[in-house]
Amino acid sequence: MVTNCKIAGNIYFIDPEILYEKKLLTENDLKECRSNDKYVTDYDFLHETREDVFRRALLHITDEIRVGVQKFCTENPWVKDYALYCALKKKYEDLPWWEWDSALMLREEKALCESEKELCEDVFFYSFLQYEFFTQWKAMKEYANKKGISIIGDMPIYLAHDSADVWANPHLFSLDKSMHLTRCAGVPPDYFCEEGQKWGNPLYNWENLKCEGYSLWIKRLGHALSMYDAVRIDHFRAFSAYWSIPAEEKATMGHWEKGPGIEFFDALKKEYPDANIIAEDLGDIDDDVRELLKKTGFPGMGVMQFAFITDDDTPHLPHNYTRKTIGYTGTHDNETLRGFIEASPAHRIDFMERYLAPKDGETLNDAFLRAAWGSVSNIAIAPIQDFLGLGNEARMNTPSTVNDRNWRFRIKNGVLTPDLSEKLLSLNRENNRI
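As the structure is a computational prediction, the values presented were derived from the model and not from experiment.

Peer 1: Before we go on, may I ask you to explain the overall build of the chain in this structure?
Peer 2: Scanning the chain from terminus to terminus reveals 19 helices and ten strands. At 23 Å, the chain has a C-alpha radius of gyration in line with the 22 Å of a compact globule built from 434 residues. Projected onto the principal axes, the alpha-carbon positions of the chain cover approximately 70 × 55 × 40 Å. The burial tally for the chain puts 50% of its 434 residues in the buried class. If you take every contact in the chain between residues at least 6 apart in sequence, the share linking residues at least 24 apart comes to 71%.

This is the structure:
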């Protein structure tokens, strides 16, 4: 069986203003695309408006664009199948694929061909959106690279059950004959959640993946490496061992199962020997994970916030970083620095002040940044919220929760000021990071 990998871009990143410049949208269309100028993304607004506006853009495409879409689909065979999946989702009013007609659920060739003919207009529309996404992305990345800016992409380890990837490759996941989950992904109790986390993604069938030369994963990573200058592999520890939860049980009822280990990464390096990869080696880490990281040669992560929640001399304290450590003040799953500091008890604040030694007039927030940039790490990273000194109202994600603020933070117009630019430049100069 041929592995059919989908690597589509999120259409919400398509810039309507570029479509306007191409004369595909009018000024009135553009006005409909503007919601607010707050730090919080309005996903409901995007869901309600974007597709309608993009369908209007489709009405004005030129023959040149149409040829471009066709060429793009030829060069990227996954697009046609992905677009059919989107068209079918629309036809079935967003029902998950395992609730479609059984012939389509099982991807019978005749049913797929008939649907492709029936839904040809929608298939072309969703193909056009992918063409536009990748056209805009390529232009943006080329501009950034010319300015000396590299882009790190994030590769989620697991895929959504209701996704084109799982629909196309059910044999590579932990599904029963009805295509329902048998086991799902998550983590045991940890710093973020005392009860563990149940993510609900289907686990991989690593035996079948191995039989196919790990093709699905290698294609996903290969595409990501072509899109970004470096790729961070999420939840790296699962390649050593992963938490397996029975589909109907709580996270605490899971158990560890052995992952593919170094064999997978050896296969990856044969295909991409110069892959620029960062391992997210956070969570419940044991000696096996540390050994696997060492064998891969990938840099791991040091997160400064984790250094100040314990009295131990942890690897997350900057003096323990190595050149290969990627030094973070915090990640998308942490509080903002200001929020973390404000929520810390007095004895933790005392530890931070003694360790970070803020200069006269320097906030503890800025002392964190200085310590990260002053470490030996080849790469130091801080969320923009930390440079802006924002509190937990700007937190990106709170793990193990479902609320209306997760994954909604965005930059407001006007906050990336010349003063902030000078602050970043000075920090880099002082620490020889130019």
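Here the narrative resumes.
Peer 1: Help me understand the sheet that holds strand β5 (residues 241-246), please; the structure alone is not making it clear to me.
Peer 2: The strands making up a sheet associate through hydrogen bonds between their backbones, and the pairing can be parallel or antiparallel. Taken in spatial order, the four strands of this open sheet run β3-β2-β5-β6, and their pairing is antiparallel. Each edge of the open sheet is held by one strand with a lone partner, namely β3 (197-202) and β6 (255-258). Recorded for the sheet is a direction-independent mean angle of 50° between the axes of neighbouring strands. As paired strands, strand β2 (residues 183-187) and β3 are joined by three bridges and run antiparallel to one another. Within β3, the position partnered with V187 by the bridge is Q197.

Peer 1: Even after reading the chapter, I still don't get the nonpolar core, so can you show me in this structure?
Peer 2: Note on soluble globular proteins: their nonpolar side chains tend to be buried together. Of all hydrophobic cores here, the largest spans 86 residues; its most connected members are W97, F128, Y204, W217, F236, F239 and F265. With ten residues, the top contributor of residues to this core is helix α8 (residues 120-146). Excluding residues within four positions of it along the chain, Y204 makes contact with I157, Y158, L159, L172, F173, R183, L209, L216, W217, R220 and Y242. The next biggest cluster of nonpolar side chains, apart from the first, holds 24 residues, and it includes L337, A371, W373 and L427.

Peer 1: What should I look at first to understand the packing of aromatic side chains in this one?
Peer 2: Two measures describe an aromatic ring pair: the distance that separates the ring centres and the angle between the ring planes. For the structure on display, the rule yields 39 aromatic pairs. Ring geometry for F133 versus F134: centroids 4.9 Å apart, planes at 85°, classification edge-to-face. The same class applies to F133 and to F134, which are both buried. Taken together, a centroid distance of 5.5 Å and an interplanar angle of 80° make the contact between F265 and F298 edge-to-face. Taken as a pair, F265 in helix α12 (residues 262-271) and F298 in the loop between α13 (287-296) and β8 (301-303) lie far apart in primary sequence, 33 residues in all. Exposure remark for F298: the relative accessible area of 8% places this residue in the buried category. Feature note: the residues Y158, F173, W199, Y204, W206, Y214, W217, F236, F239, F264, F265 and F298 constitute an aromatic cluster, connected by ring pairs. Over the ring of F125 we find R55, and its NZ or CZ is 4.0 Å from the ring centre. Between R66 and the ring centre of F124, over which it is positioned, the NZ or CZ distance is 4.7 Å.

Peer 1: When you look at the sheet that holds β8 in this model, what are you seeing that I'm missing?
Peer 2: Reading across the sheet, the three strands line up as β8-β9-β10 and stay open at both edges, with parallel pairing between neighbours. On the outer flanks of this sheet lie β8 and β10 (379-381), each paired with one strand and no other. The sheet shows a mean angle of 20° between the axes of neighbouring strands, direction not considered. Direction of pairing for β8 relative to strand β9 (residues 326-328): parallel, over a ladder of three bridges. Note on β9: the bridge partner recorded for G302 is G327.

Peer 1: How should the side chain of D333 be read in this particular structure?
Peer 2: By secondary structure assignment, the location of D333 is in the loop between β9 and α15 (337-343). Of the buried charged residues, D333 lacks a salt bridge, with R232 as the closest side chain of opposite charge at 6.4 Å. For D333, the side chain forms a polar contact with the side chain of N397, separated by 2.7 Å. Excluding its chain neighbours within four sequence positions, the residues that come into contact with D333 are F192, R395, N397, P399 and W407.

Peer 1: Any chance you could explain helix α7 (residues 109-118) here in plain terms?
Peer 2: One turn of the α-helix equals 3.6 residues, which is why residues spaced by three or four share an orientation. For α7, the complete set of buried residues consists of A111, L112 and S115. Seen from one end, α7 has its buried residues packed into an arc of 100°, which puts them on one side. Among the exposed residues of α7, those oriented more than 90 degrees off its buried face are E109, K110 and K117. On its buried face, α7 sits against α5 (78-91), α6 (102-105) and α9 (164-168).

Peer 1: Looking at this model, I keep getting lost on unusual backbone geometry. Mind explaining?
Peer 2: For K23, which is not glycine, the phi torsion reads 65° and is therefore positive. Mapped onto the elements of the fold, K23 is located in the loop between α1 (16-21) and α2 (27-32). With a phi angle near 55°, H235 is a residue other than glycine that sits in the positive phi range. Here H235 shows up in the loop between β4 (230-233) and β5. Classification of H235 by relative accessible area gives buried; the value is 8%.

Peer 1: Just to check I follow, could you spell out the pairing of β4 for this structure?
Peer 2: Taken residue by residue, a regular strand's side chains alternate between the two faces of the sheet. Going residue by residue along β4, you find A230 and R232 tucked away on one face and V231 and I233 tucked away on the opposite face as well. Looking at chain direction, strand β1 (residues 152-155) and β4 are connected through four bridges and run parallel. Pairing of G153 across the sheet is with V231, part of β4. Taken together, the three bridges between β4 and strand β7 (residues 277-279) define a ladder with parallel strand orientation. By the bridge assignment, V231 is partnered in β7 with I277.

Peer 1: Just checking my understanding: could you explain helix α3 (residues 43-58) for this structure?
Peer 2: For α3, built from 16 residues, the straight-helix expectation of 22 Å at 1.5 Å per residue is met to within 8% by its first-to-last C-alpha distance of 22 Å. If you look at α3, its biggest bend is around 35°, right at T49. Looking only at α3, the buried set comprises F45, L46, T49, R50, V53, F54, A57 and L58.

Thresholds, definitions, all that
- Residues numbered from 1 in each chain as written.
- Predicted model: local features only at pLDDT ≥ 70, side-chain atom pairs only at ≥ 80, totals over all residues.
- Heavy atoms only, no water.
- Helix = DSSP H or I, 4+ residues; strand = E, 2+ residues; numbered from the N terminus.
- Rg over C-alpha atoms; globule rule 2.2 N^0.38 Å.
- Buried < 20%, exposed > 50% of the residue type's maximum accessible area, 1.4 Å probe, protein only.
- Contact = heavy atoms within 4.5 Å.
- Pairing = 2+ DSSP bridges.
- Axes fitted to C-alpha atoms, helices over the stretch in contact; angles between N-to-C directions.
- Core = buried A, V, L, I, M, F, W, Y, C linked by side-chain atoms within 4.5 Å.
- Phe/Tyr/Trp six-rings, centres within 6.5 Å; stacked < 30°, edge-to-face > 60°.
- Lys NZ or Arg CZ within 6 Å of the ring centre and 35° of its normal.
- Lys, Arg positive; Asp, Glu negative; His and termini not counted.
- Salt bridge = Lys/Arg side-chain N within 4 Å of Asp/Glu carboxyl O.
- Polar contact = N/O pair within 3.5 Å; in protein donor to acceptor, adjacent residues only side chain to side chain.
- Arc of directions from axis to C-beta.
- Expected span 1.5 Å × (residues − 1).
- Bend = angle between axes of the 7 residues up to and from the residue.

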